[in-house]
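# Breakdown of the fold
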Amino acid sequence: SFYLAINKIKMKKYFQFSETISGTTYFLRMLFAILLSVPGLIVFISFVANYLTSSGLVDMSDPSFDQTAFQESIQENPEEFMDTMLSSMTSNWIIALAICFVPAIWFNLASSYKRISALFFENRKNIFAILVGFELISNATGLGVLPILSSLSTPFSILSLIISLFLIFKNSEIDKDDHEG
């Protein structure tokens, strides 16, 4: 119990929106955020597998599964396939996905805030808000949520990559040993 309380206090700093981090630490945190996303990916794959087996599209007891026929049935009407799959998503699946992905998203946002604080301390809140807004628009465009901006998907992706590389490689005025986040 005491050991868990101490570890909770130590881990808390990684999820707080305070302090600063170096570019190397930022890069390592982005890699760790990918690892934090693995449980969410497992839950999502479980949902898709559950949908495919419960809807009868995939029969686990039949070893003669015809994948090409399955692919053709999806390609004939992909909108119907996605609509029926999304309509089968219950609140339990949504809660499970949220529980799995929220820590990774929070950790990613906290890491970005800490790195922006190291580079732009005076304007960190405004720059962080602009970055989050840009990333939301970029991701929504890439996923097809904002079809009106679909022609900007590639430029948004390139700009997002440039921003990430800037955050990793730009030297801050803070000494490497003085970062506390």
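Since this is a predicted model, take the numbers as computed values, not measurements.

This brings us to a nonpolar patch on the surface. A cluster of nonpolar residues, Phe-27, Leu-28, Leu-31 and Ile-34, forms a patch on the protein surface that exposes about 390 Å² of accessible area. Of note, Leu-28 is situated in helix H2 (residues 23-54).

Counting residues in each nonpolar core, the largest one holds 10 residues, listed as Ile-21, Tyr-26, Met-30, Tyr-113, Ile-116, Leu-119, Phe-128, Leu-131, Leu-167 and Ile-168. In terms of residue count, the dominant contributor to this core is helix H5 (residues 91-119) (three residues). One finds Phe-47, Tyr-51, Val-58 and Phe-81 within the second-largest nonpolar core, a separate group that totals seven residues.

Here the focus is the packing of aromatic side chains. By convention here, two paired aromatic rings are described through the distance between centres and the angle between planes. Evaluation of the coordinates by the stated rule reveals seven aromatic pairs. Look at Phe-44 and Phe-47: their rings are 6.5 Å apart centre to centre, the planes differ by 40°, and that puts the pair in the tilted class. Of this pair, Phe-44 and Phe-47 both sit in helix H2, three residues apart, which is roughly one turn of that helix. Given a relative accessible area of 38%, Phe-44 falls into the partly exposed group. Between Phe-134 and Phe-156, the ring centres sit 5.5 Å apart and the planes meet at 90°, which makes this aromatic pair edge-to-face. Pair noted here: Phe-134 is in helix H6 (residues 124-142) and Phe-156 is in helix H7 (residues 153-169), with a separation of 22 residues, a long-range link. By relative accessible area, Phe-134 is classed as buried at 15%. Judged by its relative accessible area of 15%, Phe-156 is buried. A connected cluster of aromatic rings, assembled from ring pairs, spans Phe-44, Phe-47 and Trp-93. Across the ring face of Phe-121, the terminal group of Arg-124 is positioned such that the distance to the ring centre comes to 4.0 Å.

A word on H6. Across its 19 residues, H6 extends 26 Å between first and last C-alpha, which sits within 8% of the 27 Å expected from 1.5 Å per residue. On its buried face, H6 sits against H5 and H7. Positive phi shows up at Gly-144, right after H6, with a value of about 85°.

Attention shifts here to the packing of H6 against H7. The N-to-C vectors of H6 and H7 enclose an angle of 140°; their axes lie 9 Å apart at closest approach. Seen from above, H6 lies across H7 with left-handed handedness. Across from Leu-131, Phe-134, Glu-135, Ile-137, Ser-138, Thr-141 and Gly-142 in H6, the residues of H7 making contact are Ser-153, Phe-156, Ser-157, Leu-159, Ser-160, Ile-163 and Leu-167. Among the residues forming the contact of H6 with H7, the class breakdown is seven nonpolar, six polar and one charged.

In this structure, the largest pocket encloses a volume near 930 Å³. In terms of lining, the largest pocket is formed by 24 residues, of which the most central are Ile-105, Asn-108, Glu-135, Leu-136 and Asn-139. Elements with a minimum of two residues in the lining of the largest pocket: H2, H5, H6 and H7. In terms of residue count, the dominant contributor to the lining of the largest pocket is H5 (seven residues). Here the lining of the largest pocket is composed, by residue class, of 17 nonpolar, six polar and one charged.

A word on the confidence of the model for the protein. For the protein, per-residue confidence averages 84 on the pLDDT scale, and 85% of positions sit at 70 or higher. Looking over the protein, one finds the lowest element-wise mean pLDDT in helix H1 (residues 2-12), namely 62, and the highest in H6, namely 93.

This brings us to H2. With 32 residues, H2 extends 46 Å from end C-alpha to end C-alpha; this agrees with the ideal 46 Å at 1.5 Å per step. The largest bend in H2 comes to about 30°, at Val-38, with the proline Pro-39 one to four residues further on. Those residues of H2 that fall on the buried side of the exposure criterion are Gly-23, Tyr-26, Arg-29, Met-30, Ala-33, Ser-37, Gly-40, Val-43, Phe-47, Tyr-51 and Leu-52. Looking at the buried residues of H2, the elements they touch are helix H3 (67-76), helix H4 (78-87), H5 and H7.

Conventions adopted
- Residues numbered from 1 in each chain as written.
- Predicted model: local features only at pLDDT ≥ 70, side-chain atom pairs only at ≥ 80, totals over all residues.
- Heavy atoms only, no water.
- Patch = residues over 30% accessible without salt bridge, like charges linked within 9 Å, V, L, I, M, F, W, Y side chains within 5 Å.
- Areas by Shrake-Rupley, 256 points an atom, 1.4 Å probe, with all protein chains shown as cover.
- Salt bridge = Lys/Arg side-chain N within 4 Å of Asp/Glu carboxyl O.
- Helix = DSSP H or I, 4+ residues; strand = E, 2+ residues; numbered from the N terminus.
- Core = buried A, V, L, I, M, F, W, Y, C linked by side-chain atoms within 4.5 Å.
- Buried < 20%, exposed > 50% of the residue type's maximum accessible area, 1.4 Å probe, protein only.
- Phe/Tyr/Trp six-rings, centres within 6.5 Å; stacked < 30°, edge-to-face > 60°.
- Lys NZ or Arg CZ within 6 Å of the ring centre and 35° of its normal.
- Expected span 1.5 Å × (residues − 1).
- Contact = heavy atoms within 4.5 Å.
- Axes fitted to C-alpha atoms, helices over the stretch in contact; angles between N-to-C directions.
- Left-handed = near helix turned anticlockwise from the far one by under 90°.
- Nonpolar A, V, L, I, M, F, W, Y, C, P; charged D, E, K, R; others polar.
- 1 Å grid on protein atoms, 1.4 Å probe; cavity = no way out; pocket = protein on both sides within 12 Å on 5 of 7 lines; lining within 4 Å.
- Points joined across faces, edges and corners; volume = space filled by probe spheres on them.
- pLDDT = per-residue confidence, 0-100.
- Bend = angle between axes of the 7 residues up to and from the residue.

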